[in-house]
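Secondary and tertiary structure notes
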Amino acid sequence: MRSLHNIALIFSFIVITKSDQKCRERDLGIEGRSITRDPPDASSYVAYTTTRAGKRFEKSNGRIQAFSRLQKELNDFNRNEENENEGPFWTRTTLVLNQNNRYQTIHGFGGSVTDAAAYNWNKLSERTKHNFISSYFGEDGLEYNLIRTPIGGADFSTHPYTYNEYPWNDAALTNFTFTYEDLFLKIPMIKYIQRVSKQEVKVMASTWSPPVWMKTNEHITGFSQLKPEFYQSFADYHVKFMELYEKAEIDIWALTTTNEPINGIIPFVTFNSLGWFPAEMMENADSDSIKYIDGIAVHYYGNFAPATIFDELQNRYNKILLATEACEGPMPWDVMRVKLGSWERAHRYTKNIIEDLNHHVTGWIDWNLCLDERGGPNWAYNFVDAPIMVIPERDEFIKQPMFYAMGHFSKFIPRGSQRISVTYPFLEFGRIDNVAFRTPQGNIVLVLHNSNTFEMDVRINVDAIRHITIKVEAESIITMEINTRLF
Ligand SMILES: *[C@@H]1O[C@H](CO)[C@@H](O)[C@H](O)[C@H]1NC(C)=O
């Protein structure tokens, strides 16, 4: 059984802010560092902290405090006095968890099996390869459960290619076969992942460029559109890809039929692309074409629209919103493509994931699972950063802060979790990025991100009469799993 979702693609956002440096946290792949998740006891929580200063998923725990309602009201009334021995008002805040206000259900989190990622991974020893996959997909790793993979080549390949390049104008696609990259790089990596993972890992796939004979400019990149006579062949191209991967027992869960359709329209993109204007995407169908897509995929780059556009999309179309690509370092103004140990990049990932999740996005897929120290290979020299950098000569890989940022979500927000609302009860001056979920097991998972350079005192009202107080360190990410049951 396969549930197939067609996902159209729009282009999206993130705020790119000032740069940073340092903090060389190096995690050798040899021993690895396992991350275990401890279920909290009734009326308790377990918290995991990662800080710029160097903590990585450091565990702590505590109990939910109970108050009588009257006492709570008095405390709220006397809040300033109550907190007199704590820091100044901007370092304090209160959050209210509203378990009954439920929003989107989560599909998952993950990364991309590109040719480049598989090529780097494949250079490691068997033991380190295993460590690598466990770090991302294992029970003692980040427990990723989504993968994105390109249909044919992307820029993160050693050379540009597509399926069925020859014969020319072969509308029936008579020569659609596995490539070297499928057989020896991507499929082995995906199958390895599926063996290691204890849960279903869903795979989505995207086309960058179709065979160039389908395109108006007959080139892999540059300004191009699909030749109208090949609309059907283009659709079949996707079906043939799914059939090919089915032979390797890999089910494709979702498709986006063109990666970043705007890339084939704007002049400075120099890698595999196909241009689409919205009107042409609807051609051959009618204004009802929205019926035939299950979701809308969004990417991380640029900052063209505020996240509230997702609320509008959600209200208007009620489709699955999924963030399907993100990386740091791709912009023309990014002087450093790879910035080893950058906390600033982890911080931007965290801010973006929290913002997306608070605006109906149901999952977040990172770009290349790993790259080499240069940020490649990439045939178009479009080098970028990744959460893991591989150093084959030393049989090592380095987990960057972005790796841990991803884990603060992927490890603790299981598929099927539902977002719940978090509100500020007072006119709070102290603010902290937050997002909360109710897991299928009935626990609450709350992710807090303190981007301030000072510690915050956070009071979390779990319900009308119970709360937790917790200190959130400067420049840190905390994930709390809270068991609100009484016994
Ligand atoms: C089929 O594809 C392969 C690989 O691109 C190519 O070498 C071969 O010539 C193609 N066959 C035909 C009949 O064009």
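Data block above holds the structure.
This write-up is about the structure you can find in this document. (Residues numbered from 1 in each chain as written. Predicted model: local features only at pLDDT ≥ 70, side-chain atom pairs only at ≥ 80, totals over all residues. Heavy atoms only, no water.)

Examining the sheet that holds strand E15 (residues 396-399)
- One open sheet accounts for three strands, arranged E13-E14-E15; its pairing is mixed. With one partner strand each, in any of the chains shown, strand E13 (371-372) and E15 form the two edges of the open sheet.
- As judged from the four bridges shared by strand E14 (residues 388-391) and E15, these two strands associate in the antiparallel manner. In the sheet register, Val390 faces E15, and the bridge partner there is Phe397. (Pairing = 2+ DSSP bridges. Helix = DSSP H or I, 4+ residues; strand = E, 2+ residues; numbered from the N terminus.)

With respect to the pairing of strand E20 (residues 466-472)
- Among the seven residues that make up E20, five are buried, leaving the element largely enclosed by the rest of the structure.
- Both strand E4 (residues 65-66) and E20 contribute to a ladder of two bridges, which runs antiparallel. Residue pairing in the sheet places Gln65 in a bridge with His467 of E20.
- Of the strand pairs in this sheet, strand E19 (residues 456-461) and E20 are connected by six bridges, and their pairing is antiparallel. Residue pairing for E20: Asp457 is matched across the bridge by Lys471.
- Counting the residues between successive antiparallel strands, the hairpin from E19 to E20 contains four residues. (Buried < 20%, exposed > 50% of the residue type's maximum accessible area, 1.4 Å probe, protein only.)

Some details on the sheet that holds E4
- Judged by pairing direction, the sheet is mixed, and its 10 strands sit side by side in the order E3-E2-E21-E18-E17-E16-E5-E19-E20-E4 without closing on themselves. Since the sheet does not close on itself, it has two edges, and those belong to strand E3 (58-63) and E4, each with one partner.
- Sheet strands in contact with helix H9 (residues 343-357) are strand E2 (44-51), strand E5 (92-105), strand E16 (418-423), strand E17 (433-438), strand E18 (444-450) and strand E21 (476-483), and its direction is about 50 degrees off that of E17. (Contact = heavy atoms within 4.5 Å. Axes fitted to C-alpha atoms, helices over the stretch in contact; angles between N-to-C directions.)

A few points about the site of the ligand
- Around the ligand sit Tyr166, Pro167 and Asn175, and that is every residue in its neighbourhood.
- Here an oxygen atom of the ligand sits 3.3 Å away from a polar atom, N or O, in the main chain of Pro167.
- The protein chains hide 37% of the 360 Å² of surface that the ligand would expose on its own. (Near = heavy atom within 4 Å. Polar contact = N/O pair within 3.5 Å; in protein donor to acceptor, adjacent residues only side chain to side chain. Areas by Shrake-Rupley, 256 points an atom, 1.4 Å probe, with all protein chains shown as cover.)

Observations regarding the pairing of strand E10 (residues 295-299)
- The element E10 is largely enclosed, with a buried count of five among its five residues.
- Residues Gly295, Ala297 and His299 line one face of E10 and the alternating positions Ile296 and Val298 line the opposite face, and both faces are buried.
- Pairing of E10 with strand E11 (residues 320-325) involves five bridges; the strand directions are parallel. Considered in E11, the bridge of Val298 is made with Ala323.

Remarks on unusual backbone geometry
- The amide bond that connects Tyr166 to the next residue, Pro167, takes the cis arrangement and shows omega of -5 degrees.
- Tracing the sequence through the fold places Pro167 in the loop between strand E7 (146-151) and helix H5 (180-196).
- A cis amide bond links Gly376 with the next residue in sequence, Pro377, at an omega value of 5 degrees.
- Of note in this structure, Asn169 is not a glycine but carries a positive phi near 55 degrees.
- Structurally, Asn169 can be placed in the loop between E7 and H5.
- You can call Asn169 partly exposed: its relative accessible area is 43%.

Re the packing of aromatic side chains
- Summed over the entire model, instances satisfying the criterion amount to 30 aromatic pairs.
- Ring centres of Trp121 and Tyr192 lie 5.4 Å apart, and the angle between their planes is 85 degrees; this geometry places the pair in the edge-to-face category. Residue Trp121 is located in helix H3 (residues 115-121), and its partner Tyr192 is located in helix H5; the two are separated by 71 residues in the primary sequence. Judged on exposure class, the residue Trp121 and its partner Tyr192 are both buried.
- When the ring of Trp208 is compared with that of Trp367, the centres are 5.5 Å apart and the planes differ by 15 degrees; the resulting orientation is stacked. Of this pair, Trp208 sits in the loop between strand E8 (202-207) and helix H6 (231-247) while Trp367 is found in strand E12 (residues 361-368), placing the two residues 159 residues apart along the sequence. (Phe/Tyr/Trp six-rings, centres within 6.5 Å; stacked < 30°, edge-to-face > 60°.)

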